Structure formats: C-alpha cells, structure tokens
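Next come the chains, spelled out residue by residue.
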Amino acid sequence: RGHYAANRTLSLLKAMINRATEWGMYTGPNPAKGIKKFRETPRERVLSPQEIVRFIRALELEPDRTMADYFFLALMTGVRKTNLLQMRWDQVHLEGEDSFWRIPDTKNGTPQEIPLVPEAVDVLESRKDIGYFSPWVFPGHDPQRHVVDPKKAFMKICADARISGIQIHDLRRTHGTYLARSGASLPMIKKALGHKSDRAAQIYIRLDRDPVRQAVGIAVRSMLDAPVSPAGAREAG
C-alpha cells in the first residue's frame, strides 16, 4: 500500500534470499539485489495540545472500553503498537509509585521496562474488572486471543475527535516529542522509547518546535526593540 510498504517488502525479500543462500537452500543470484528503493519522506505528524484534548475526550466517550483504554495507554506510554496489543497481565506489576510493565521482547530483540504513570495504572486497575478471565490486557472476541487490528477503531475515534491525517504510530511520536518538550535528555528519550541509536531518538527533539519558536521570538524582539541611530538609519537606507 504505497512506497513505504514496497520498500519494506523489498528489504524482507532480500534478507530471506540471503539467509536461504547461507543455509544452502538457494544458489542463484538474489533478484532483490540492485533494485532501487522508493524515496521516503519521514512522517513528522504529532498531536497538537488542542488535538490531545479532543482525542482524550473522544476516548472518554468511546463505548468500546477495550479500544479506548488501548489508545490511551498508547499515548501515555509511547510503546509500539504490536507490543501493546500483546500486553499480558503477567508482565504488568502494579505496585503503586513503582508500577511498571516489562516487555520481554521488543523490535530490537531486547526486553524493556516501561514505568507506568498513575494515569496508566488507573486504567489498568479498571481493566481488572473484566467479567471473564484472559491472559491479555486487551482481549479480542475470544478472551484467549488479543486484539489484532485496532485500525478501524482508531479511525472512528479520530473522526469523533475531529482529527485528520493521524496514524496509530503517531501516538508514539507524540509521546516522544512531549518527552523532548519537557526537557528529557537524549539518553532518557532512548530508554523511554526503547531505541538503540541516537539517530532514532533525535527525531523527537527535532520535531519539538517550541525551543525554535522561542529563539526566533527573542531574535525578532531584539531586532524590533534595538535603537537605531541616525547614522545607522542612513547606512541601512
């Protein structure tokens, strides 16, 4: 569905054939080698403060509490979509101020501990009142399976909140951007979002426009407020 998906498919195919070659299952040339990928434009969409207010309000009014709680936690934790879908009760430790969620396996192949803020703890505590047993925090119609595709529910909630041009992953980007806005350091952002490289975490600092706006505002005010002597005015003319 677009250039991004095509590029990921090409990378996957190339890796599969390389591994098959290593295992002696394939001896021909790699047909994916040398194919030029489409140019990608990195997404920079984050929720504005006004959109966050409308988004949370829409979650409060959403009758499907499983989906509403899912998207609230996605915004509050910044974790990847799949990890949150696969959240299990035996991974969650609700211990007051020391509450955390331990993800045993992430995209980077390493475990990650997510500190749970009081707002997230309140949601998880309320979900314990589910009327049937399930190992999953966000069970599907079959309580022994978790929700698989939350996209339709997300589109409905965004429509109710009058928000357009947003994707589920943008909730993670929003979380990272607000971490940067609050003054979190690059190492702190990396740890909170489970990034290994500085490059992956730097996007959240780059997306925060407030420091830039403040610096430009100071510069503009200093120019407008600067006294101009007659000689300086003649030189400028």
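In this text the structure is predicted, and so the values were computed from the model without any measurement.

Visitor: Please provide a residue-by-residue account of the overall build of the chain, values included.
Guide: Summing up its helical and strand segments, the chain has 11 helices and three strands in all. Start at the N end of the chain and walk to the C end: the helices and strands fall as α-α-α-α-β-β-β-α-α-α-α-α-α-α. The buried share of the chain, taken over its 237 residues, is 37%. Within the chain, contacts between residues separated by at least 24 positions form 58% of all contacts whose residues are at least 6 apart in sequence.

Visitor: With reference to specific residues and values, describe the packing of aromatic side chains.
Guide: Summed over the entire model, instances satisfying the criterion amount to four aromatic pairs. On the basis of an interplanar angle of 85 degrees and a centroid distance of 5.4 Å, the ring pair of Tyr70 and Phe138 is categorised as edge-to-face. Of this pair, Tyr70 sits in helix H3 (residues 65-77) while Phe138 sits in the loop between helix H5 (118-127) and helix H6 (151-160), and the two are 68 residues apart along the sequence. Across the pair, Phe138 and Tyr70 agree in class, each one buried. A cation over an aromatic ring shows up here: Arg88 above the ring of Trp136, its NZ or CZ 4.9 Å from the ring centre.

Visitor: Outline a negative patch on the surface, listing residues and values.
Guide: A contiguous patch of negative charge, built from Glu119, Asp122, Glu125 and Asp129, is present on the exposed surface. Position of Asp122 relative to the elements: it lies in helix H5. The exposed category is assigned to Asp122, whose relative accessible area is 53%.

Visitor: If you had to explain a nonpolar patch on the surface to someone new, which residues and values would you point to?
Guide: On the surface, Trp23, Met25 and Tyr26 cluster together into a nonpolar patch covering about 390 Å² of accessible area. Classification of Met25 as exposed rests on a relative accessible area of 62%.

Visitor: Tell me about the environment of Arg39, residues and numbers included.
Guide: Note that Arg39 resides in the loop between helix H1 (3-22) and helix H2 (49-61). Looking at Arg39, the relative accessible area reads 80%, which means it is exposed. Sequence separation between Arg39 and His3 is 36 residues, and the spatial gap between their C-alpha atoms is 7.6 Å.

Visitor: Quick rundown of the packing of H3 against helix H7 (residues 169-181)? Include the residues and the values.
Guide: Their axes nearest at 7 Å, the elements H3 and H7 cross at an angle of 35 degrees. On the side of H3, the interface is formed by Phe71, Ala74, Leu75, Met76 and Thr77, while H7 contributes Leu171, Thr174 and His175. The residue makeup of the contact of H3 with H7, split by class, is five nonpolar, three polar and no charged.

Visitor: Give me the lowdown on the sheet that holds strand E1 (residues 92-93), citing residues and values where you can.
Guide: One open sheet accounts for three strands, arranged E1-E2-E3; its pairing is antiparallel. Both edges of this open sheet fall to E1 and strand E3 (112-115), since each of them pairs with a single strand only.

Visitor: Which residues make up the pattern of salt bridges, and what are the values?
Guide: Inspection of every chain in the model, using the stated rule, returns 10 salt bridges. Here Lys156 and Asp160 are joined by a salt bridge, their closest N and O atoms 3.0 Å apart. Remark: Asp160 and Lys156 occur in helix H6; sequence separation between them is four residues, near one turn of the helix. Here Lys156 falls in the partly exposed class, since its relative accessible area comes to 41%. Overall, the relative accessible area of 44% leaves Asp160 in the partly exposed class. Shared partners join several salt bridges into a network, and the residues in it are Glu62, Lys156 and Asp160.

Visitor: Before we move on, can you summarise the confidence of the model for the chain with the specific residues and values?
Guide: Close inspection of predicted coordinates is inappropriate for parts of the model with low pLDDT. Put simply, the chain has an average pLDDT of 82, and 79% of its residues get 70 or more. Put simply, helix H11 (residues 230-236) is where the chain has its lowest mean pLDDT, 47, and H6 is where it has its highest, 96. Note on residues 232-237: pLDDT is under 50 here. Beyond four places in sequence and across chains, it has one contact.

Visitor: Describe in detail the environment of Val53, supporting the description with residues and values.
Guide: Secondary-structure assignment places Val53 in helix H2. What makes Val53 exposed here is its relative accessible area of 57%. Expressed as a C-alpha distance, the spacing of Val53 and Ala161, which sit 108 residues apart in the sequence, is 8.8 Å.

Visitor: I'd like a rundown of unusual backbone geometry, residues and numbers included.
Guide: The phi torsion of most residues other than glycine is negative, and most of the peptide bonds are trans. In this structure, Arg162 takes a positive phi of about 60 degrees despite not being glycine. Within the fold, Arg162 resides in the loop between H6 and H7. You can call Arg162 exposed: its relative accessible area is 61%.

Visitor: Describe the pairing of E3, naming the residues involved and giving the relevant values.
Guide: Across the two faces of E3 the burial differs, with Gln112 and Ile114 buried and Glu113 and Pro115 not buried at all. Bridge count between strand E2 (residues 100-103) and E3: four bridges; the pairing is antiparallel. Counted as the bridge partner of Ile103 is Gln112 from E3.

Criteria and thresholds
- Residues numbered from 1 in each chain as written.
- Predicted model: local features only at pLDDT ≥ 70, side-chain atom pairs only at ≥ 80, totals over all residues.
- Heavy atoms only, no water.
- Helix = DSSP H or I, 4+ residues; strand = E, 2+ residues; numbered from the N terminus.
- Buried < 20%, exposed > 50% of the residue type's maximum accessible area, 1.4 Å probe, protein only.
- Contact = heavy atoms within 4.5 Å.
- Phe/Tyr/Trp six-rings, centres within 6.5 Å; stacked < 30°, edge-to-face > 60°.
- Lys NZ or Arg CZ within 6 Å of the ring centre and 35° of its normal.
- Patch = residues over 30% accessible without salt bridge, like charges linked within 9 Å, V, L, I, M, F, W, Y side chains within 5 Å.
- Areas by Shrake-Rupley, 256 points an atom, 1.4 Å probe, with all protein chains shown as cover.
- Salt bridge = Lys/Arg side-chain N within 4 Å of Asp/Glu carboxyl O.
- Lys, Arg positive; Asp, Glu negative; His and termini not counted.
- Charge placed at Lys NZ, Arg CZ, Asp CG, Glu CD.
- Axes fitted to C-alpha atoms, helices over the stretch in contact; angles between N-to-C directions.
- Nonpolar A, V, L, I, M, F, W, Y, C, P; charged D, E, K, R; others polar.
- Pairing = 2+ DSSP bridges.
- pLDDT = per-residue confidence, 0-100.

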